[in-house]
Amino acid sequence: MSKESLDKAADRSLRVVSLSRANSFSGTMSHESRKHEELKAHVRIIAASHFLPFSVAVSEATPEEPYQWTVSRRSGHTAMYAGIRSLSEHPNTECTQLGWIGYFKDRDGQERACDSLSAESRANIVEALKPFDAVPVFMDEDIANGHYEGYSKQILWPLLHYMSWDDSRRMDPVWWSCYNKANQTFASAISAIYNEGDIVWVHDYHLLLLPEIFHQLKPAATVGLFLHAPFPSSELFRSLPNRKEILNGMLGSTSIGFQTYSYARHFLSSCTRVLGLESTPTGIDNRGSIVSIGVFPIGIDAKSVQARRALPSVQAKMKTMREMFANKRIIVGRDRMDEVAGIKQKLEAFEKLLETCPEWQNNVVLIQVTQPGQNRKPKLEAKISELVTSINSNYGSLEFMPVMYHNTFLDTDEYMALLNIADLCLITVIRDGMNTGSLEFVVCQEDKHSPLILSEFTGTAGSVSGAIQINPWDYLGVAQAIDTALRMGPEEKKVRYTE
């Protein structure tokens, strides 16, 4: 097939992931999304993600099986779930969410695997989730652990974030088998509810084999795949032993979406170099089947953030925090405990600020909130604690500590309050898919216009033009950027904010 024919065919292909743009930060919709606005026929989207956005607990009314269930929202992945929810706002779209139910909580609040549940208790979970347009996937605990804790977290996640594993012996063959079986389980679950004309939308690296497996079951189905994580250069991706299987699994899609153009380009390069396929910037000729490639930066539910920050409970916490840090400039950071989060780099740069700009000593505080990462990182945790202790020992006193370090999940109201009162948000990640926290900060700064310092290695770096972009490895450069941001006048803050 000629390059011109490939371009035209790819342009005609359905870009299903563009439906998620309704909740974008800018509030505008892409050209592809506007085309979907013109749809007259009703369409159902089956959105498949590793976890459902809901969890279940045994109802107090049922002390023994068969259990009845209470349903609550699962924390995390807020941007992805907000994007999926936004589909239901389209006048001609119905959205069904499908994913692994995970563990349930018993009457004592202890997490239990669903393996032990009777068929009737499982059926009751299905019924409890129907009002939420959600369909649970059940997996054996061993397969679920090998799929998620094994191959997804130990192999794929580090690789996609440019972290090659140190020892190939770490790759347990059982993990790959579980990853396969889990994707097959998802394909069967989707097939059971699929109707002709439905669109299947697959999310993220946990389900990269799913498009091709499902395509074999339903060859005529339209399948979209959106990768929320980065995609590494072909030089690194080719080190993956199962590279061909992963690429072929992804190419079972009708359309594949990425966060940035560079991630899409890396994927195209991998398909060419590993599979020998012909491609253009907008599509791939997968042996006669055209797979379109698109770039769709994920947004946030800005209206939800605005509503949350206005709650009385958030306003009360803001008042308390202002009193606690009276006459101090506040720098806020929230990251996962992973090497790619750049927490070490952030602390090194903050220490450099206090060293080179002594006028900020005792006048600025860094509030760093750290959540558990993909895996336990005892060496990283120890290094960060050591840096925090060093900074507080050298530049703090009994009355004041320049670094407030919270290594735990933060209450949402407290998080919103911090984003509202902050004088600066500091993001120093060394590799990230998008980092929607930067967008949440901008929404919360609608009145104050505090500046944002953003690593050039985040996916949002290309779309938040008003941010001060930095190289997190350049500690002195980051320190100088912090100093500049803290000294910035109201007019410059407003100009940058409007950008």
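Residues numbered from 1 in each chain as written. Predicted model: local features only at pLDDT ≥ 70, side-chain atom pairs only at ≥ 80, totals over all residues. Heavy atoms only, no water.

1. Details of the pattern of salt bridges
Link 1 in the chain: For the structure on display, the rule yields 18 salt bridges.
Link 2 in the chain: Here Glu60 and Arg107 are joined by a salt bridge, their closest N and O atoms 3.3 Å apart. With a gap of 47 residues between them, Glu60 in the loop between β2 (54-58) and β3 (69-73) and Arg107 in the loop between β5 (104-105) and β6 (111-112) connect regions that are remote in the sequence.
Link 3 in the chain: Since its relative accessible area comes to 56%, Glu60 is described here as exposed.
Link 4 in the chain: Here Asp423 and Arg329 are joined by a salt bridge, their closest N and O atoms 3.8 Å apart. One end of the pair, Asp423, is in the loop between α15 (412-421) and β17 (424-427); the other, Arg329, is in strand β14 (residues 329-336), and 94 residues separate them in sequence.
Link 5 in the chain: On the basis of relative accessibility, which here comes to 23%, the residue Arg329 falls in the partly exposed class. (Salt bridge = Lys/Arg side-chain N within 4 Å of Asp/Glu carboxyl O. Helix = DSSP H or I, 4+ residues; strand = E, 2+ residues; numbered from the N terminus. Buried < 20%, exposed > 50% of the residue type's maximum accessible area, 1.4 Å probe, protein only.)

2. Remarks on the state of the cysteines
Link 1 in the chain: This model, assessed by the stated rule, comprises zero disulfides.
Link 2 in the chain: Note on Cys425: no disulfide assigned, nearest cysteine sulfur contributed by Cys444 at a separation of 10.0 Å. (Disulfide = S-S within 2.5 Å.)

3. Some thoughts on the pairing of strand β8 (residues 199-203)
Link 1 in the chain: Burial runs high along β8: five of the five residues are buried.
Link 2 in the chain: Sheet topology note: the strand β1 (residues 43-51)/β8 ladder contains four bridges and is parallel. Bridge pairing in β8 places Ile46 opposite Val200.
Link 3 in the chain: The parallel pair β8 and strand β9 (residues 222-226) is bridged by helix α7 (residues 210-217), and the resulting crossover is right-handed. (Pairing = 2+ DSSP bridges. Right-handed = clockwise from strand over helix to strand, strands pointing away.)

4. Some words on the sheet that holds strand β18 (residues 452-455)
Across a sheet, strands are paired by hydrogen bonds formed along the backbone, either parallel or antiparallel in direction.
Link 1 in the chain: Taken together, six strands build an open sheet; the order of strands is β16-β15-β14-β17-β18-β19 and the sheet is parallel. Both edges of this open sheet fall to β16 (403-407) and β19 (468-470), since each of them pairs with a single strand only. Adjacent strand axes in the sheet meet at a mean angle of 20°, parallel and antiparallel pairs treated alike.
Link 2 in the chain: The sheet contacts of helix α13 (residues 343-356) involve β14, β15 (364-371), β16 and β17, and relative to β15 the element is tilted by about 170°. (Axes fitted to C-alpha atoms, helices over the stretch in contact; angles between N-to-C directions. Contact = heavy atoms within 4.5 Å.)

5. Quick notes on the side chain of Gln371
Link 1 in the chain: With respect to the element layout, Gln371 can be found in strand β15.
Link 2 in the chain: By relative accessible area, Gln371 is classed as buried at 11%.
Link 3 in the chain: Beyond its immediate sequence surroundings of up to four residues, Gln371 is in contact with Arg334, Asp335, Arg336, Met337, Thr408 and Phe409.

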